[in-house]
Amino acid sequence: MLKKGNKLYSILTGSCPRCHKESMYLDKNPYHMGKIFEMHERCSHCGLKYKIEPSFFYGAMYVSYAVGIAFAVAAFVIANLFLGADLITTFIAIIGTLIVFMPVIMRISRNIWINMFVKYEPKVSQKKTNIQQNE
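Residues numbered from 1 in each chain as written. Predicted model: local features only at pLDDT ≥ 70, side-chain atom pairs only at ≥ 80, totals over all residues. Heavy atoms only, no water.

**Describing the packing of aromatic side chains**
Aromatic rings considered in pairs are described by the distance between their centres and by the relative angle of their planes.
Argument step 1. All told, the structure shown has five aromatic pairs when counted by the stated rule.
Argument step 2. Centroid distance phenylalanine 56 to phenylalanine 57: 4.9 Å. Interplanar angle 75°. Geometry classified as edge-to-face. Of the two residues, phenylalanine 56 and phenylalanine 57, both sit in the buried class.
Argument step 3. Arranged with centres 5.0 Å apart and planes meeting at 70°, the rings of tryptophan 113 and phenylalanine 117 form a pair that is edge-to-face.
Argument step 4. With relative accessibility at 16%, the residue tryptophan 113 sits in the buried group.
Argument step 5. Ring-pair connections join several aromatic residues into one group, and the members of that group are Phe56, Phe57, Trp113 and Phe117. (Phe/Tyr/Trp six-rings, centres within 6.5 Å; stacked < 30°, edge-to-face > 60°. Buried < 20%, exposed > 50% of the residue type's maximum accessible area, 1.4 Å probe, protein only.)

Right, here's the structure in full:
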């Protein structure tokens, strides 16, 4: 299910959407708050420029809203339906979930956003690898 060439692989791992060879982020841990948005300028394998245009990732805010709603619904279902918590406790569980997972939601939203515009190209990845081996 999670193998290279799949959009889900790039979204969940934060790897380059074109070649899936390198992480887009300088620090893979989203909980290092000072470095949450720091990205490489380009992919070292295929040369893809991650910030396609100025303010490119502003669109990820819309995706972030949808991903946040999905996390909130999951927290509601788990707290209310599975654990049988009352409404106030369920509300607190939703707020806690959103606070704890906010860095993950932000990273996943950026990954989804860039994957909407860039497709996986295995030949680009193979060409770069072949060139490096020949040098």
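**Quick look at unusual backbone geometry**
Argument step 1. In this structure, histidine 20 is a non-glycine residue whose phi angle is positive, near 60°.
Argument step 2. Following the sequence through the fold, histidine 20 ends up in the loop between helix 1 (7-13) and helix 2 (60-82).
Argument step 3. Positioned with a positive phi, serine 55 is a non-glycine residue whose angle comes to about 60°.
Argument step 4. As for its placement among the helices and strands, serine 55 is situated in the loop between helix 1 and helix 2. (Helix = DSSP H or I, 4+ residues; strand = E, 2+ residues; numbered from the N terminus.)

**Examining the confidence of the model for the protein chain**
Argument step 1. When the pLDDT values of the protein chain are averaged, the result is 88; 91% of them are 70 or greater.
Argument step 2. Counting interchain partners and residues more than four positions distant, the pLDDT-below-50 stretch residues 129-135 has two contacts. (pLDDT = per-residue confidence, 0-100. Contact = heavy atoms within 4.5 Å.)

**Points about a nonpolar patch on the surface**
Argument step 1. On the surface, Phe76, Ile78, Leu81, Phe82 and Leu83 cluster together into a nonpolar patch covering about 570 Å² of accessible area.
Argument step 2. Mapped onto the elements, leucine 83 comes out in the loop between helix 2 and helix 3 (87-115). (Patch = residues over 30% accessible without salt bridge, like charges linked within 9 Å, V, L, I, M, F, W, Y side chains within 5 Å. Areas by Shrake-Rupley, 256 points an atom, 1.4 Å probe, with all protein chains shown as cover. Salt bridge = Lys/Arg side-chain N within 4 Å of Asp/Glu carboxyl O.)

**Thoughts on the side chain of serine 15**
Argument step 1. Along the chain, serine 15 falls in the loop between helix 1 and helix 2.
Argument step 2. Polar side-chain contacts of serine 15 include one of 3.1 Å to the side chain of threonine 13.
Argument step 3. If sequence neighbours within four positions are ignored, serine 15 has contacts with Tyr9, Ser10, His20, Glu22, Ser23 and Met24. (Polar contact = N/O pair within 3.5 Å; in protein donor to acceptor, adjacent residues only side chain to side chain.)

**Focus on the environment of valine 100**
Argument step 1. By the element assignment, valine 100 lies in helix 3.
Argument step 2. By relative accessible area, valine 100 is classed as partly exposed at 46%.

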